[in-house]
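Residues per chain are reported as follows:
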Amino acid sequence: MSLKTLTPDEQSIIQHLAAGVLARDLPAALGLPKRTTQDLTLGLHKLLPAARNHASLVAICYTTALVAPPPLLDPSDIFLPAEERELLVLIAMGMNGRDIAKHLGRAASTVGEQITSLLGDLQVKTWAQAVHIGWQFQIVTAAVIRTWLEHAKDVNAATAVLPAASAGPLLYVRTREGEVPDTPRALCAVGGPFSAEARGLSYWDQTADDRDENGVLWARVSEVLSRSGRPVGRPLQGVHPARQRDTMRNQRCRVGYCTARLGPTRGGSGGAYLYLVTAKEQGAGGVYRTVEPPVCIEHALLCADSEPRLRDGYTALLVTSSAITGVLGRRYTPVDDGVTVAASRDNMAFHSYTDHSGLRWVLASQLVRDLTSYEVVDLRLLIREAFNPSAEESASCS
Ligand SMILES: [Zn+2]
């Protein structure tokens, strides 16, 4: 799209709309006569005919840099359910409530309620301001808006590029754009850490941080973190080894690294942790073996409703006893010169911490926990009780 530049007044209109100023308050905010403001706004819509409302006007101006886009913020700092993210992008594409209801096959009243929640969650007054915030947190992106503009006549083609709601919540443990694994050439075979003569896998430039307390070597992946230590960037497939290990070891929430321990009223004096597991993870004696860290009560429903791995059903467990039992990792073997190593052809597999000789050749990627003592719970009931404890009390009194 080749476009003229905007006048300072036109840019100012976009900036005020993005800041949540209502259309009727624009003349006062700009210090311009009402008629002039109307003409300028009309002119903007004529210049950008795809913009069917103020929200899409803001999105297009940021995408085309007609107005300098605002600075980006850490996407993991925003908690927004998947369905509200989806709504926000559709709003940025100029859809109104009726269009969205039709597009998503939802009742108009449901969409209306979800839009109200969206504005409440973002603490904004207008749709244009919601798009502005969505841009900052990289929910509304130039790539998505550009694709929409290219397919503006065909909403399905345009929305096909949307990060599907099935992409699930933004998990703390997921790898993010900009984070890269170390090259396999950094690995070698050396006299191991377990005994003077035992050989094993190592890094050429190994440091103390490369091994866990059991002496197991961990895969290196760089981290891009915000000033507050939060992962930044678009989530990618895959799990960040260091973040998964930390989250699983300390049983923190998989979504936000929140405290996931439920108080002593649940699960005795030691408290309990909420895990969402699938039948695949259940083994002998009913023990669940998992690499998926727990979830806090605030994030539980979000995970249950939108994590792809839970789509075919899940069981909610209040776990009172569990143990770290090993790692998920890949085996390496020495080749030719006895120093160079190559990954074995086996898939990632579980390696028990008791298998000392086997672990010498494993590069660990995820920490494994066995959930041994637990209570199967109704997740929705648990959440209702957690947020409304008096209801539970009065119910048990009556
Ligand atoms: Zn959480």
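Here, the structure is the one placed above.
The following paragraphs examine the structure supplied in this document. (Residues numbered from 1 in each chain as written. Predicted model: local features only at pLDDT ≥ 70, side-chain atom pairs only at ≥ 80, totals over all residues. Heavy atoms only, no water.)

**Focus on the overall build of the protein chain**
- Looking only at helices and strands, the protein chain features 15 helices and twelve strands.
- Carbon and sulfur atoms make up 53% of the accessible area of the protein chain, which totals about 19700 Å². (Helix = DSSP H or I, 4+ residues; strand = E, 2+ residues; numbered from the N terminus. Areas by Shrake-Rupley, 256 points an atom, 1.4 Å probe, with all protein chains shown as cover.)

**Side note on helix α7 (residues 108–122)**
- A rise of 1.5 Å per residue sets the reference length of α7, with its 15 residues, at 21 Å; its end C-alpha atoms lie 21 Å apart and thus fit the reference within 8%.
- Within α7 the residues assigned to the buried category are Val111, Gln114, Ile115, Leu118, Leu119 and Leu122. The buried residues of α7 occupy an angular sector of 140 degrees when projected down its axis, which confines them to one face. Exposed side chains of α7 directed beyond 90 degrees from the buried face belong to Ser109, Glu113 and Thr116.
- Once α7 finishes, glutamine 123 follows within two positions and takes phi at roughly 55 degrees, a positive value. (Expected span 1.5 Å × (residues − 1). Buried < 20%, exposed > 50% of the residue type's maximum accessible area, 1.4 Å probe, protein only. Arc of directions from axis to C-beta.)

**Some points on the coordination of the zinc ion**
- Coordination of the zinc ion by the protein comes from Cys253 (SG), Cys258 (SG), Cys296 (SG) and His299 (ND1), over a distance range of 2.1 to 2.3 Å.
- For the zinc ion, the four donor atoms are set out with angles of 104 to 114 degrees between them, so the coordination reads as tetrahedral.
- When the donors of the zinc ion are listed by position in the chain, the intervening gaps give C-x4-C-x37-C-x2-H. Here cysteine 253, found in the loop between α11 (241–249) and β6 (261–262), pairs with cysteine 296, found in the loop between β8 (288–290) and α12 (297–306); they are 43 residues apart in sequence, far enough to count as distant. Each member of the pair, cysteine 253 as well as cysteine 296, is classed as buried. (Donors = N, O, S within 2.8 Å, 3.2 Å for Na, K, Ca; no water. Tetrahedral: all angles 85-135°; square planar, octahedral: opposite > 155°, others 65-115°.)

**Comments concerning the environment of aspartate 246**
- Here aspartate 246 is to be found in helix α11.
- Given the relative accessible area of 24%, aspartate 246 is considered partly exposed.
- Considered as a pair, aspartate 246 and leucine 367 are 121 residues apart in the sequence and their alpha carbons are 8.6 Å apart.

**Here we look at helix α8 (residues 127–136)**
- Summarising burial for α8: nine of the ten residues are buried, a large majority.
- Listed as buried for α8 are Ala128, Gln129, Ala130, Val131, His132, Ile133, Gly134, Trp135 and Gln136.
- Looking one or two places after α8, you find glutamine 138, whose phi comes out positive at around 60 degrees.

**Observations concerning the side chain of arginine 254**
- Tracing the sequence through the fold places arginine 254 in the loop between α11 and β6.
- Assessed through its relative accessible area of 3%, arginine 254 is described here as buried.
- Beyond its immediate chain neighbours, meaning those up to four positions away, arginine 254 contacts Leu171, Tyr172, Val173, Thr247, Glu292, Pro293, Pro294, Val295, Cys303, Glu307 and Arg309. (Contact = heavy atoms within 4.5 Å.)

**Considering the packing of aromatic side chains**
- Taken as a whole and assessed by the stated rule, the structure comprises three aromatic pairs.
- Taken together, a centroid distance of 5.4 Å and an interplanar angle of 65 degrees make the contact between tyrosine 62 and tryptophan 135 edge-to-face. Pair noted here: tyrosine 62 is in helix α4 (residues 54–63) and tryptophan 135 is in helix α8, with a separation of 73 residues, a long-range link. Across the pair, exposure class does not vary: tyrosine 62 and tryptophan 135 are buried alike.
- With a centroid separation of 5.5 Å and an interplanar angle of 65 degrees, the aromatic rings of tyrosine 288 and tyrosine 374 are classed as edge-to-face. You can see tyrosine 288 sitting in strand β8 and its partner tyrosine 374 sitting in strand β12 (residues 362–377), a full 86 residues away along the chain.
- Residue tyrosine 288 is classed as buried on the basis of its relative accessible area, which comes to 6%.
- With relative accessibility at 27%, the residue tyrosine 374 sits in the partly exposed group. (Phe/Tyr/Trp six-rings, centres within 6.5 Å; stacked < 30°, edge-to-face > 60°.)

**Things to note about unusual backbone geometry**
- Backbone geometry places glutamine 123, a non-glycine residue, at a positive phi of 55 degrees.
- On the secondary structure map, glutamine 123 appears in the loop between α7 and α8.
- The class for glutamine 123 is exposed, based on a relative accessible area of 71%.
- With a phi angle near 60 degrees, glutamine 138 is a residue other than glycine that sits in the positive phi range.

**So, the nonpolar core**
- Within the largest apolar cluster, 52 residues are counted, with the highest numbers of intra-cluster contacts made by Val58, Leu88, Ile100, Leu122, Val131, Val140 and Ile145.
- When residues in this core are grouped by element, the largest group, seven residues, is from α4.
- Apart from residues no more than four positions distant in its own chain, valine 131 is found in contact with Ala55, Val58, Ala59, Leu88, Ile91, Ala92 and Val140.
- Counting residues in each nonpolar core, the second largest holds 40 residues, with Met248, Val295, Leu317 and Val362 among its members. (Core = buried A, V, L, I, M, F, W, Y, C linked by side-chain atoms within 4.5 Å.)

**A word on the pattern of salt bridges**
- Following the criterion strictly, the structure yields 16 salt bridges and no others.
- A salt bridge links arginine 220 to aspartate 210; the shortest N-O distance between them is 2.8 Å. In this pair, arginine 220 is assigned in the loop between β4 (217–218) and β5 (235–239) and aspartate 210 in the loop between β3 (199–203) and β4, connecting sequence segments ten residues apart.
- Residue classification places aspartate 210 among the buried residues on the basis of a relative accessible area of 7%.
- Within this structure, Arg254, Glu281, Glu292, Glu307 and Arg309 form a network of salt bridges that share partners. (Salt bridge = Lys/Arg side-chain N within 4 Å of Asp/Glu carboxyl O.)

Everything listed here is a matter of geometry and, on its own, says nothing about what the molecule does.
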